[in-house]
Amino acid sequence: SWQCPITPTAADTNADGPAPRRLPKARFATTIGITGAAFCVSCDLGPGIGGDLLFGDVNTARIRALNMNATRTGFEGSARTVLAMPTVIYSMERGPGGRIYVSGPTGIWRLARG
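A.B. asks: Teacher, can you tell me more about the overall build of the chain here?
C.D. replies: Check the secondary structure of the chain and you find 0 helices and 7 strands. Across the chain, helices and strands are ordered from the amino to the carboxyl terminus as β-β-β-β-β-β-β. The buried share of the chain, taken over its 114 residues, is 32%. Contacts spanning at least 24 positions in sequence make up 35% of the contacts within the chain whose residues lie at least 6 apart. For the chain, the exposed area adds up to about 7300 Å²; of that, 54% sits on carbon and sulfur atoms.

A.B. asks: Would you mind going over the pairing of strand β4 (residues 75–84) with me for this structure?
C.D. replies: Look at any regular strand and the pattern is simple: side chains alternate between the two faces of the sheet. One ladder, built from 6 bridges, connects strand β3 (residues 62–68) with β4; its direction is antiparallel. Counterpart to Asn67 in the pairing with β4 is Glu76. Here β3 hands over to β4 after 6 residues, with Arg72 in that stretch at a positive phi of 60°.

A.B. asks: Is there a simple way to explain the nonpolar core in this structure?
C.D. replies: Soluble globular proteins tend to pack their nonpolar side chains together in the buried interior. Core analysis: the biggest nonpolar cluster contains 14 residues, and Leu45, Leu54, Ile63, Met92, Ile100 and Val102 have the highest contact counts within it. Going through the elements one at a time, β3 and β6 (100–104) are the ones with two or more residues in this core. Not counting residues within four places of it along the chain, the set of residues in contact with Val102 comprises Ile63, Met85, Ile89, Ser91, Met92, Gly107, Ile108, Trp109 and Leu111.

A.B. asks: For this particular structure, what's the right way to read the state of the cysteines?
C.D. replies: Formally, a disulfide is one covalent bond, and it connects the sulfur atom of one cysteine to the sulfur atom of another. Taken as a whole, this structure holds 1 disulfide when the rule is applied. Paired by a disulfide, Cys40 and Cys43 hold their sulfur atoms 1.6 Å apart. Relative accessible area serves as the criterion here: at 3%, Cys40 is assigned to the buried category. Residue class for Cys43 comes out buried when judged on its relative accessible area of 1%.

A.B. asks: Hey, could you run me through the layout of surface pockets in this one?
C.D. replies: A water-sized probe rolled over the atoms picks out the places where empty space is left. In this model, the largest pocket occupies a volume close to 180 Å³. As for the largest pocket, its lining consists of 12 residues, of which Leu45, Leu83, Leu111, Ala112 and Arg113 are closest to the centre. Counting residues per element, the ones that place at least two in the lining of the largest pocket are β4 and β7 (107–110). Taken together, the residues that form the lining of the largest pocket break down as 9 nonpolar, 1 polar and 2 charged.

A.B. asks: Explain the sheet that holds β6 to me, please; I cannot follow it from the model alone.
C.D. replies: In sheet architecture, strand pairing relies on hydrogen bonds along the backbone and comes in two forms, parallel and antiparallel. Overall, antiparallel pairing links the 3 strands, which are arranged β5-β6-β7 in an open sheet. Across the chains shown, the open sheet's two edge strands, defined by having one partner strand only, are β5 (91–94) and β7. Neighbour-to-neighbour, the strand axes of this sheet turn through a mean angle of 20°, independent of strand direction. Of the strand pairs in this sheet, β5 and β6 are connected by 4 bridges, and their pairing is antiparallel. Pairing of Arg94 across the sheet is with Ile100, part of β6.

The rules behind each value
- Residues numbered from 1 in each chain as written.
- Predicted model: local features only at pLDDT ≥ 70, side-chain atom pairs only at ≥ 80, totals over all residues.
- Heavy atoms only, no water.
- Helix = DSSP H or I, 4+ residues; strand = E, 2+ residues; numbered from the N terminus.
- Buried < 20%, exposed > 50% of the residue type's maximum accessible area, 1.4 Å probe, protein only.
- Contact = heavy atoms within 4.5 Å.
- Areas by Shrake-Rupley, 256 points an atom, 1.4 Å probe, with all protein chains shown as cover.
- Pairing = 2+ DSSP bridges.
- Core = buried A, V, L, I, M, F, W, Y, C linked by side-chain atoms within 4.5 Å.
- Disulfide = S-S within 2.5 Å.
- 1 Å grid on protein atoms, 1.4 Å probe; cavity = no way out; pocket = protein on both sides within 12 Å on 5 of 7 lines; lining within 4 Å.
- Points joined across faces, edges and corners; volume = space filled by probe spheres on them.
- Nonpolar A, V, L, I, M, F, W, Y, C, P; charged D, E, K, R; others polar.
- Axes fitted to C-alpha atoms, helices over the stretch in contact; angles between N-to-C directions.

Structure (structure tokens):
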């Protein structure tokens with residue numbers, strides 16, 4: 001019987017896909033459910049976040065960030081938690097003026113520096 005050749009540490013998760021292979025740009029130790037993503041450009045969330053890719057994780061109700069590399073073709077380091085939300089995250093968008101908005105079952109929030 002055939003078994004899936006993919007393991008959590010596999011270098012190539014596109015074992016049966018077309019060539020050239022497209023490897024993942026980021027990996028996570030546990031399953032995440034990305035529910036929206038936005039680049040923090042002029043989002044005014046403080047130092048160390050500008051230019052990062054922010055995304056919501058519906059499984060943990062956390063907003064995470066990844067640092068883009070200098071050529072903006074991949075990421076440097078691992079995803080880090082920026083904020084734990086009080087409820088699950090349905091969506092995340094970049095709005096007017098660069099502000100980041102997050103929606104959930106009980107409302108819509110604008111992220112701001114605390």
